[in-house]
Each structure stands twice: as structure tokens, then as C-alpha cells.
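Observations on chain architecture
Residues per chain, in single letters:
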Amino acid sequence: MSDFFAHETAVIDEGCQIGNGTKIWHFSHLMTGCILGEKCNIGQNVVISPKVVLGQNVKVQNNVSIYEGVTCDDDVFLGPSMVFTNVINPRSAVNRKNEYLKTHVGKGASIGANATIVCGHNIGQYAFIGAGAVVTKEVPDYALVVGNPARQMGWMSEFGQRLEFDAENIAVCEESGEKYRLENNKVSKI
């Protein structure tokens, strides 16, 4: 059994795997078969459905719903009241549980408050989804996307700073000093 904290109002179904140092706050519900890595922080009123997998150090803010089919790598940030979907064309009277589409969120990505991630569209590592964005297509590594539907507006460093590329397609993160290269519309750290 791992060493984690759960507030007395949290509901944790049998069969959940919860890593050491994870904290689960007020009125959150972890459903059977979900997996949480070490040092995650699960805010108030969060629902984590069966078969969801969260890596280490994932921060889930208040009022987030993470539905079956979602996986998040380490160091992901899920902002307040953001939501994932898992069916493209839901109808109350039509059971489509066999049509759940998968969504993967890459290492270090941040998803802003009230953003919606339409199922079947992956979020690249260190991508930054602006508050209120509605993601309807794949998001590349290090991309900054905003709006409804979400459109790419630039690139972000691993520290969450906007990258400005010079004539040689090199950018320097003003916070960390790390360098990045833009080549064939893809960013990589040098």
C-alpha cells in the first residue's frame, strides 16, 4: 500500500493505484482502475474515471473531469474546470462506451482553466493550452494554442515562457537560458 493523503470526503473506489506522496482533496472521486503516479495533487471536486493513467507530479486543479481514455505523462498541469471528452457524438439514449476515443497529454504540458479537449486529439509535450481554448486537433510539442477552436499562436519553453526565434531559428528561454531550435515547424531543445 502506498503512502498518500486523502481528505475524509474523497471517495476512492477499490482497485485504484495511488503513488506515494499523492494528495487527494475534498469531494473528489477516483474510480476503479485509475492509476495515479507519485506526488500528484488532485484538487477539490475532481472525477477520475476508470482506466485513466496519470504520471508523476501531475497537478489537477479543482472541478476537473478526466474521463476514460485519457493518459497524462509526468509533470502535466490541468487547470481549474478544464474538461476532457471521450465521445465525439454523445446522446443520452445511445450507449457509445465502445466508441471512447483516447487522448494523451505529453510530459510537462499545461492546460488552462476552462479549456476543453475534444477526444482523440493528443497534446504534445510542454505544449501550453490557453484558458478557455477548445482543442479540436492535435497539438504539437512546445506549441502555444488559444481560442475556439484553438489555433497555434507560437511556441513555449519547458519553463512556460514564450519563445521568439531569430533568423537562424534559435530561441532562448528568458527564464532558464535553455536554447531551442525550430525546424520543419517542430521545436526541439538544443
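Here goes a summary of the coordinates provided. (Residues numbered from 1 in each chain as written. Predicted model: local features only at pLDDT ≥ 70, side-chain atom pairs only at ≥ 80, totals over all residues. Heavy atoms only, no water.)

Ring pairs (aromatic) are described by centroid distance and by the angle formed between their planes. Here the structure, examined in full by the defined rule, presents three aromatic pairs. Centroid distance Tyr126 to Tyr142: 5.5 Å. Interplanar angle 20°. Geometry classified as stacked. Of this pair, Tyr126 sits in the loop between strand E17 (116-117) and strand E18 (128-129) while Tyr142 sits in the loop between strand E19 (134-135) and strand E20 (143-146), and the two are 16 residues apart along the sequence. Exposure remark for Tyr126: the relative accessible area of 14% places this residue in the buried category. Clustering of aromatic rings is evident, with ring pairs tying together Tyr126, Tyr142 and Tyr180. (Phe/Tyr/Trp six-rings, centres within 6.5 Å; stacked < 30°, edge-to-face > 60°. Helix = DSSP H or I, 4+ residues; strand = E, 2+ residues; numbered from the N terminus. Buried < 20%, exposed > 50% of the residue type's maximum accessible area, 1.4 Å probe, protein only.)

Within the open sheet, the five strands sit side by side as E3-E6-E9-E12-E15. Their pairing is parallel. Of all the strands in the sheet, just strand E3 (17-18) and strand E15 (103-105) have a single pairing partner and so form its edges. As paired strands, strand E12 (residues 70-72) and E15 are joined by three bridges and run parallel to one another. When the bridges of E15 are listed, Thr71 appears paired with His104. (Pairing = 2+ DSSP bridges.)

This part covers the sheet that holds strand E1 (residues 5-6). The ten strands lie next to each other as E1-E4-E7-E10-E13-E16-E18-E20-E21-E22, forming an open sheet whose pairing is mixed. Taken across any chain shown, the strands that pair with only one partner, and hence form the sheet edges, are E1 and strand E22 (162-163). Relative to E18, strand E16 (residues 110-111) runs parallel, the two being bridged by two bridges. Counted as the bridge partner of Ile111 is Ile129 from E18.

Now for the nonpolar core. Ile48, Leu54, Ile66 and Ile129 are the most contacted members of the largest nonpolar core, which has 46 residues in total. At the level of elements, E12, E20 and strand E24 (179-183) are the ones that each hand at least two residues to this core. Not counting residues within four places of it along the chain, the set of residues in contact with Ile129 comprises Ser110, Ile111, Gly112, Ala115, Ile117, Ile123, Val135, Val139 and Val145. (Core = buried A, V, L, I, M, F, W, Y, C linked by side-chain atoms within 4.5 Å. Contact = heavy atoms within 4.5 Å.)

Attention shifts here to the pairing of strand E25 (residues 186-189). With four bridges joining them, E24 and E25 adopt antiparallel strand pairing. Paired with Tyr180 across the two strands is Lys189, which belongs to E25. Remark: two residues form the turn of the hairpin made by E24 and E25, two consecutive strands paired antiparallel; Asn184 in that turn has positive phi of roughly 55°.

In this structure, Glu183 sits in strand E24. The spacing of Glu183 and Glu168 is 15 residues in sequence and 9.8 Å in space, taken between C-alpha atoms.

On the secondary structure map, Arg96 appears in the loop between strand E14 (83-84) and E15. By relative accessible area, which is 18% here, Arg96 ends up buried. A polar atom in the side chain of Arg96 sits 2.4 Å from the backbone oxygen of Asn89. When sequence neighbours within four positions are dropped, the list of residues in contact with Arg96 reads Val87, Asn89, Pro90 and Arg91. (Polar contact = N/O pair within 3.5 Å; in protein donor to acceptor, adjacent residues only side chain to side chain.)

On the secondary structure map, Thr103 appears in strand E15. Here Gly120 takes part through its backbone nitrogen, which lies 3.1 Å from a polar atom of the side chain of Thr103.

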